[in-house]
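Secondary and tertiary structure notes
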Amino acid sequence: MSLLVVGLSHRSAPVSVLERASLAADTQAKLLQDTLAAEPATEAAVLATCNRIELYADVDKFHAGVAELSTLLAQHSGVGLDELTPYLYVHYEDRAVHHLFSVACGLDSMVVGEGQILGQIKDALARGQELHTAGRLLNDLFQQALRVGKRAHSETGIDRAGQSLVSFGLQQLAAGADPGLWAQGKRALVIGAGSMSSLAAATLARTGVAEIVVANRTRSRADRLVEILQQGDDTTVRAHAVEMSAVGDELTRADVVVSCTGATGLVLTADALADALGVTLDAPAEAPAVTAAPAPADVDQHAAWVENGSATSAPEAPRRVTLPAQSTGPVKLALLDLAMPRDIDGAAHRIDGVRLVDIESLADASADAPMAADVDQVRTIVADEVAAFGAAQRAAHVAPTVVALRTMAADVVAGEIARLDGRLPDLDEKQRAEITQTVRRVVDKLLHAPTVRVKQLASEPGGAGYADALRELFDLDPQTVAAVSRADLNDPNRGRS
């Protein structure tokens, strides 16, 4: 196993970089195809969410893999390599497994314990399977990550350590008040009808808003979301859909707006929001000084950090710039922007009566959130699962060799029985069957102890060499071993749930 992940997230890069580096679905597909076309990757999967972009690959050369994956991320994200490199982190082999398992459990999320990441990991796996870029290693890895994440949520109270991004965002909008009481009687406008917008609409309905209006570029999807909201047994919310062209009018009647679309530009400008409220946009305050970004690091330095065990991430990202304080007056319009890149103009914070919460402010608000004791339990689960995954992968590495050895032994037995038939043609069927069974038992007993022992040894760290020793001692044909591996890899039922 030579698993490598190169990526960036809200922990390593400012939101402005993450916005520019976001990958559309068709770009993700092209990235995967180009990763396989380039050496040294043989498998690839991409995990792209609103606050992380990670490229996973099975590579045969570490340094070349880091350089190639970094270059591909830069090319497909449109952010120059020199600019992107300081924000990239690199994880290799067991550290890469540990990272994905931690992500699956919500330990690396903006809001600790949020469960939406499991759906995103499932989508990443499905994309890799559909495009045939995820082979045995990545299928096993992502399937196991899903199981680890589900185990963490079912066996611990990690859900109590944090909330979904939507719930946490609404809590920030409520500014210390009980979200349920704050939402009572409010009219909400949800822009977008994708998975995050649907989650937002459902959360708003459960929180107790009186009415939800859904706007989406594809009207049929907005209608479908409204239908789902009205079928819910746990809410009595009124809901209806509108065209995107009606958003301006809906803003004049809304109390809460949640936006999460796939648009590449702003959906709500500060001027449009000011017009909806009938106020004048204040002149921008003097911009605070911005901490200069560190000098770009050479991609080979990432490899050195990981190889030497001194670090597993890029240099610390520059500190975020704090925007001027929002209005302290009564809030007329509460805005929650969950999109990446952002849907709502950041200048909206300067509009009197507007409260804006976006991805960046959510990251700041959750950075100092108290960590529940359950987090330690999840970390223990992750550590145990990483060890188990590594052992299973090492054991799987020796399995084709064991199969090839037993195949060779079976061929030897068949050849000797054929020779016996030539020398003793008068043996009856009963005698021949007894002799054949005896020879097979002898071979099985001779092979049993070494094959069991080599599987045990191979499951331990550094045990991959035992498979090589077995092939050398029994002079096994490398092509036979490779054929067994290919047959296992091409099994259509492998890695699917």
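We now turn to the structure provided with this report.

The rules behind each value
- Residues numbered from 1 in each chain as written.
- Predicted model: local features only at pLDDT ≥ 70, side-chain atom pairs only at ≥ 80, totals over all residues.
- Heavy atoms only, no water.
- Phe/Tyr/Trp six-rings, centres within 6.5 Å; stacked < 30°, edge-to-face > 60°.
- Helix = DSSP H or I, 4+ residues; strand = E, 2+ residues; numbered from the N terminus.
- Buried < 20%, exposed > 50% of the residue type's maximum accessible area, 1.4 Å probe, protein only.
- Core = buried A, V, L, I, M, F, W, Y, C linked by side-chain atoms within 4.5 Å.
- Contact = heavy atoms within 4.5 Å.
- Polar contact = N/O pair within 3.5 Å; in protein donor to acceptor, adjacent residues only side chain to side chain.

Some words on the packing of aromatic side chains
Under the criterion given, the structure shown has three aromatic pairs. For the ring pair Phe101 and Phe389, a centre distance of 6.0 Å and an interplane angle of 80° mean the geometry is edge-to-face. Note that Phe101 is positioned in helix H5 (residues 94-104) and Phe389 in helix H17 (residues 374-423), a separation of 288 residues in sequence. Take Phe389: its relative accessible area is 5%, and that puts it in the buried class.

Digging into the nonpolar core
Ranked by size, the top nonpolar core spans 69 residues in total, and within it Leu165, Ile212 and Leu338 carry the most contacts. Not counting residues within four places of it along the chain, the set of residues in contact with Leu338 comprises Cys50, Leu165, Val166, Met196, Val258, Ser259, Cys260, Ile359 and Leu362. Among the nonpolar cores identified, the runner-up in size contains 35 residues, and Leu3, Leu137, Leu141 and Val386 belong to it.

A look at the environment of His349
Residue placement: His349 occurs in the loop between strand E9 (333-337) and strand E10 (354-358). Residues His349 and Leu335, 14 residues apart in the sequence, show an inter-C-alpha distance of 9.6 Å. At a separation of 2.6 Å, a polar atom in the side chain of His349 contacts the main-chain carbonyl oxygen of Gly346.

Description of the environment of Ala174
Among the structural elements, Ala174 can be located in helix H9 (residues 165-174). With 160 residues separating them along the chain, Ala174 and Ala334 place their C-alpha atoms 8.7 Å apart. With residues near it in sequence (within four places) discarded, Ala174 still touches Pro179 and Trp182.

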